[in-house]
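Notes for the structure review
One-letter residues, chain by chain:
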Amino acid sequence: MAPVIISFVSDMERQNCRVAENEAGKVLEDEGYYVQIPDKKADYAEFENPEFRSLGNCIRFRSIFLTAICIALIMCLSLLICLSQPGLAPSKSVKDTAWSKQSASKFLMPSIIKGESLPSFADERTSFHFQPERNWMNDPNGPMFYKGYYHFFYQYNPDAAVWGNITWGHSVSTDLIHWHHLELALVPDQWYDVEGVWSGSATILPDGKPVILYTGIGHTDFRDPTTAWLESDGLWRIAIGAKEGTTGLALVYKTSDFLNWTLQRSFLHQIAGTGMWECVDFYPVSLTGTNGLDTSKVQGNQLVKHVLKASLGSNKHDYYTIGTYSTDLKTFVADDPTRDVGLGLRYDYGKFYASKTFYDPAQERRILWGWANESDSQLDDIKKGWASVQTIPRTLVLDHHTGSNLLQWPISELDSLRGDKVVKQDILLDGGAMLKVDGASGAQLDIEVTFKYPDVQTLDVPLEQKECVCSQGGAAQRGVFGPFGLLVLAADDLVEQTAVYFYLTLRPNGKWMTTVCSDQSRSSLAKGIDRTVYGTSINIAPTENFLSLRLIVDHSIVETFVQQGIACITSRVYPTLAVERDAHVLLFNNGSESIAMHTLEIWQMSNA
Ligand code: DQQ
């Protein structure tokens, strides 16, 4: 079953659009670079099938309304600019063309190319997060489960550790943790890919055939097609992110055959002031169960809610909202307008962008991938020869307790990497306490900790009435109830430490507020690193009795899951002393009141 690859180009470009089935498909097969299997040949033999390699049809894209929102004009301009530059004419393969070299030179590429050995910075490379062997990676693209394998594609620069010359990298796995890297899947070998093969999605058709949609010529406010969903009128629909003025929006196109497309009159959704919506995602979640739902499960609104996510180009954060998709009006309405796209909930309050979900039919779950960029400098990335990781894939379900947020949790397959375990129970942390956890040092850890919610109601001390802001003082603040939590990747003398903690305060309105922060401000002695303290406040009533954290620590990344996944925070950290067995874990309480730690479990994690 050959996948169909579709590049999105506008009306004015379609005259030149390739019908790629024969021409490009042949090129790919001839060069054999779509799938190349250096080892474990038997396991992945499936993908050597020429059928799988061939490309499909180019889309006939009717951008009727694009003119109205000035996108066509912008595209026209960028097209002319591209074509007027000698040396930018596309050729067939990214590996050995003048085009790729020309393009690369635009970005002042360093000379880290395939075959060269990696420079040092070994302590910063992750051991069980998804990373290509070298060079730049950004957005997750087209994740899917196909013929018994999870496929993961990603925006990738095969030539350097900075963005540019964008292709689709490709890896396969049977468990979403152990990955087998394949050759590039999509390369800019056509004129409309002159800016690179940008982000997109995969849709598995009812007959099992995958369709891959991506964006061709970039630099327009129109990109990143979603997975398609099928409605009862027999038409497939996709959403595409766009912008009109400063209003971010999601356009919808419909098709019966993935070749002929009509722009729907109504937008799926729009929010003034949010700017360009990148990497829109749109999918149903069950109101009744914990299974994930296929993207086409749009009917039966009494049983499903819809999630709409946009990655805001303006601040590089992924915002989602929960609401109702009207199959009559073909529009989405958020349940709570004050928490609409860009105004309220984020998947992650740290370094996490351009995310994408997919439905995993094998385990009936919806899985979220997100890109965690570096927090060091571009020069550091060039020196280390790589940039970016993907966060651990997370399952997503509606929080049935609140009905108003999602719960995210690392996929259960991650547990297979858990090794030696340290357990501590019922430790009272007095105000100012700092307690090293013996036997738990290391830079690859999975940590679960639960604190008893303190008895805030009956306290006989003057209470703080303030909003806690993570960035104002970080973990060094001194409060009544907090900051308290964990230090990870902490050096012997604590000159390096990454703190993840709670801080409880009483709002002026008399309600208790729980703030959770990930403080990377003291994570490294190195210079030129982003030291933002990330965090958010969450609704936890004192009656819930407990506060919990799960931390996934992998050398240069700390992923935090708060209160069983109500909120997540991802930090990128670069300790220089607190590495390997010199990286310690401590419990701490910087508040004046005691905090009871209930259970602490720490697993050493194996390499993937
Ligand atoms: N990255 C891609 C675009 C997308 C952006 C280009 C988001 O398609 O909008 O690499 O990070």
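For the structure itself, consult the block above.
Residues numbered from 1 in each chain as written. Predicted model: local features only at pLDDT ≥ 70, side-chain atom pairs only at ≥ 80, totals over all residues. Heavy atoms only, no water.

A separate point is the overall build of the chain. What the chain contains, in helices and strands, is 7 helices and 35 strands. The proportion of buried residues among the 608 residues of the chain is 61%. Counting only contacts in the chain whose residues sit at least 6 apart along the sequence, the fraction spanning at least 24 positions is 67%. Accessible surface, the chain: about 22200 Å² in total, of which carbon and sulfur atoms supply 52%. (Helix = DSSP H or I, 4+ residues; strand = E, 2+ residues; numbered from the N terminus. Buried < 20%, exposed > 50% of the residue type's maximum accessible area, 1.4 Å probe, protein only. Contact = heavy atoms within 4.5 Å. Areas by Shrake-Rupley, 256 points an atom, 1.4 Å probe, with all protein chains shown as cover.)

What follows is about the state of the cysteines. Considering all chains together, one arrives at 1 disulfide under this definition. A disulfide bridge connects C470 with C517, and the sulfur atoms are separated by 2.2 Å. Judged by the sign of its S-S torsion, about -80°, the cystine formed by C470 and C517 is left-handed. On the criterion of sequence distance, the pair formed by C470 in the loop between β26 (444–452) and β27 (481–490) and C517 in strand β29 (residues 512–519) is long-range, its members being 47 residues apart. In this pair, the class of C470 matches that of C517, namely buried. (Disulfide = S-S within 2.5 Å.)

Here we come to the site of the ligand. Neighbouring the ligand are N138, D139, Q155, W163, W198, S199, R223, D224, E278, Y353, A354 and W371. In the model, an oxygen atom of the ligand is placed 2.8 Å from a nitrogen or oxygen of the R223 side chain. Taking D224, its side chain carries an N or O atom lying 2.6 Å from an oxygen atom of the ligand. Coverage of the ligand by the protein amounts to 94% of the 310 Å² it exposes when considered alone. Looking at the shell around the ligand, the elements that each hand over two or more residues are β2 (135–146) and β18 (353–360). Residues that form the shell around the ligand fall into these classes: 5 nonpolar, 3 polar and 4 charged. (Near = heavy atom within 4 Å. Polar contact = N/O pair within 3.5 Å; in protein donor to acceptor, adjacent residues only side chain to side chain. Nonpolar A, V, L, I, M, F, W, Y, C, P; charged D, E, K, R; others polar.)

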